[in-house]
Amino acid sequence: MIDIESDRKSGEFIQSLDRGLAVIRAFSNERDLLSLADVAKITSLSRASVRRALLTLETLGYVGSRQSRFYLRPRVLDLGYAFLSSSSSIDITQDHLRRLSARIGESVSACEYDDGDVVYVARAAAETIMPIRLGIGRRLPAFCTSTGRVLLSEFDEPRLDAYFRSYPREKLSPATVTDEHELRERIAEVREQGWSLNNQEVDLGARSVAAPVVGADGRYVSAVNISVSTSRVSAEQLREEYLPQLLEATAMISADLSLLSRRQT
């Protein structure tokens, strides 16, 4: 495992690369057009550092600009494609998501944990009246998502303590639970039952249920969720009708990943 702090001290750490990646991460679905000052505020970097990073990224074709504002160009997708195209586990997961989504007529996603967030790594979107806003690479806070709570439920107490110390918990909707004690209780419940139901904590009008994908080593690889509209599917229906199909799908993904792992060793 790479020790970032040791590399910083040893001189192996390339700070300019770190800053460039921070600048790229400043952009999102809600922040698609940013000024230099905006990026500096989001990244907590100096304006001079941000300016050098933006101009370099623009020269390389990753960033564009108009009227003193910057935006990401399609070439940035090359960075994510390198990960997706090199991961056989993503291909396996995507196949199962497509079949599950086609069977139930709802959107299905797979997420992995990364630095306090869940990141969408695979998705099969159903044609529904519910707006689709969660694409591959989208990040959401782990504490308030069904997939996030599944992945957090695997943390031991010291790691969970560190998580709560390190990451802010802001309300994404009026229903978002931010109280640490209540969140710990919910995560413990997920750990015991093996799945998580989220009711409008990310978006009003949307609820989801999630379950883990388990690797050959017994650890959680990712979490898969089914997202539905509250106007069409009740929490009871989500639990009684959709959860069994989700658990069946995650069990099949887990089995396929274990088989893949054995073939690669």
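Every residue gets a number counted from 1 within its own chain, in the order that chain's sequence is written. Restriction of local features to residues with pLDDT of at least 70 applies here, the model being predicted, together with a cutoff of 80 or more for giving and counting side-chain atom pairs; totals for whole chains, interfaces and linings are based on all residues. Side-chain measures were taken over the full set of non-hydrogen atoms in the model, leaving aside hydrogen atoms and water.

A.B. asks: Explain the confidence of the model for the protein here, please?
C.D. replies: Confidence in the prediction for the protein averages 88 pLDDT; 88% of positions are at 70 or higher. pLDDT expresses how confident the predictor is about each individual residue, on a scale running from 0 to 100. In DSSP terms, a helix is any run of H or I states spanning at least four residues, a strand is any run of E spanning at least two, and both are numbered starting from the N terminus. Taken element by element, the predicted model of the protein shows its lowest mean pLDDT in helix α1 (residues 4-10) (49) and its highest in helix α7 (residues 146-152) (98).

A.B. asks: I'm lost on the nonpolar core in this one. Help?
C.D. replies: The nonpolar side chains of a soluble globular protein tend to be buried with one another. Among the nonpolar cores identified, the biggest contains 25 residues, and Leu97, Leu100, Val108, Val209, Val224, Ile226 and Leu246 are the most heavily contacted of them. Elements that contribute at least two residues to this core include exactly α6 (88-104), β4 (107-114), β5 (117-124), β8 (206-214), β9 (220-229) and α10 (235-264). In terms of residues, this core owes the most to one element, α10, which gives seven residues. Dropping the residues within four chain positions of it, valine 209 is found in contact with Ser146, Trp195, Ser196, Leu197, Val224, Asn225, Ile226, Leu238, Leu243 and Leu246. By convention a nonpolar core is built from buried Ala, Val, Leu, Ile, Met, Phe, Trp, Tyr and Cys residues, the set being connected through side-chain atoms within 4.5 Å. Partly exposed describes any residue whose relative accessible area lies between the buried limit of under 20% and the exposed limit of over 50%, with all areas from a 1.4 Å probe on protein chains only and scaled to the type maximum. Core analysis: the next-biggest nonpolar cluster, separate from the first, contains 21 residues, Tyr163, Leu183, Ala210 and Ala223 among them. It only takes one pair of heavy atoms within 4.5 Å for two residues to be counted as in contact.

A.B. asks: I'm lost on the sheet that holds strand β1 (residues 34-35) in this one. Help?
C.D. replies: Paired through backbone hydrogen bonds, the strands of a sheet run either parallel or antiparallel to each other. DSSP-based pairing: two strands are paired if at least 2 bridges between them are found. Reading across from one edge, β1-β3-β2 is the order of the three strands in this open sheet, with antiparallel pairing throughout. Looking at strand neighbours, the two that pair on one side only are β1 and β2 (63-66), the edges of this open sheet. Summarising the sheet, β2 and strand β3 (residues 69-72) pair through four bridges and their orientation is antiparallel. Paired with valine 63 across the strands is leucine 72, a residue of β3.

A.B. asks: Just checking my understanding: could you explain a nonpolar patch on the surface for this structure?
C.D. replies: For patch detection, residues must exceed 30% relative accessible area and be free of salt bridges, and they are connected within 9 Å for like charges or within 5 Å for nonpolar side chains (Val, Leu, Ile, Met, Phe, Trp, Tyr). The accessible surface values rely on the Shrake-Rupley method and a 1.4 Å probe; as for residues, cover is taken only from the protein chains in view. For this analysis, a salt bridge means a side-chain nitrogen from Lys or Arg found within 4 Å of a carboxyl oxygen belonging to Asp or Glu. Where nonpolar side chains cluster on the molecular surface, the patch consists of Ile14, Leu17 and Leu21 and spans about 270 Å² of accessible area. The topology assignment puts isoleucine 14 in the loop between α1 and α2 (15-25).

A.B. asks: Teacher, can you tell me more about the side chain of threonine 250 here?
C.D. replies: Position of threonine 250 relative to the elements: it lies in helix α10. A relative accessible area of 4% places threonine 250 in the buried class. Excluding residues within four positions of it along the chain, threonine 250 makes contact with Ala211, Pro212, Val213 and Val224.

A.B. asks: I would appreciate a short explanation of empty space enclosed by the protein in the present structure.
C.D. replies: Over the atoms, a rolling probe the size of a water molecule traces out where space has been left empty. Within this scheme a cavity is a closed region of a 1 Å grid, computed over the protein atoms alone, that accommodates a 1.4 Å probe without allowing it to escape, whereas a pocket is open but has protein on both sides within 12 Å along at least five of seven lines; lining residues each have an atom within 4 Å of a point. Grid points are joined across faces, edges and corners, and a volume is the space filled by probe spheres set on the points. Enumeration over the complete set of coordinates arrives at one cavity of 30 Å³ or more. For the largest cavity, the calculated volume is near 40 Å³. Looking at the largest cavity, the residues that line it are Ser89, Ile90, Thr93, Ala110, Glu112, Val121, Val221, Ser222 and Leu257. When contributions to the lining of the largest cavity are tallied by element, the ones reaching two or more residues are α6, β4 and β9. When residues of the lining of the largest cavity are assigned to their parent elements, the largest contribution, three residues, is made by α6. Classifying every residue of the lining of the largest cavity by side-chain character gives five nonpolar, three polar and one charged. Only Asp, Glu, Lys and Arg are considered charged, only Ala, Val, Leu, Ile, Met, Phe, Trp, Tyr, Cys and Pro nonpolar, and every remaining residue, Gly among them, polar.

A.B. asks: Would you mind showing me how to read the pattern of salt bridges here?
C.D. replies: With the rule as written, the count across this model stands at 12 salt bridges. Close ionic contact of arginine 139 with aspartate 114 constitutes a salt bridge, the shortest N to O distance being 2.8 Å. You can see arginine 139 sitting in strand β6 (residues 139-141) and its partner aspartate 114 sitting in strand β4, a full 25 residues away along the chain. The exposure class assigned to aspartate 114 is partly exposed, which follows from its relative accessible area of 36%. Among the salt bridges present, the one from glutamate 240 reaches arginine 239, with a minimum N-O distance of 4.0 Å. Here the salt bridges do not stand alone but share partners, grouping Arg149, Glu182, Arg186 and Glu201 into one network.

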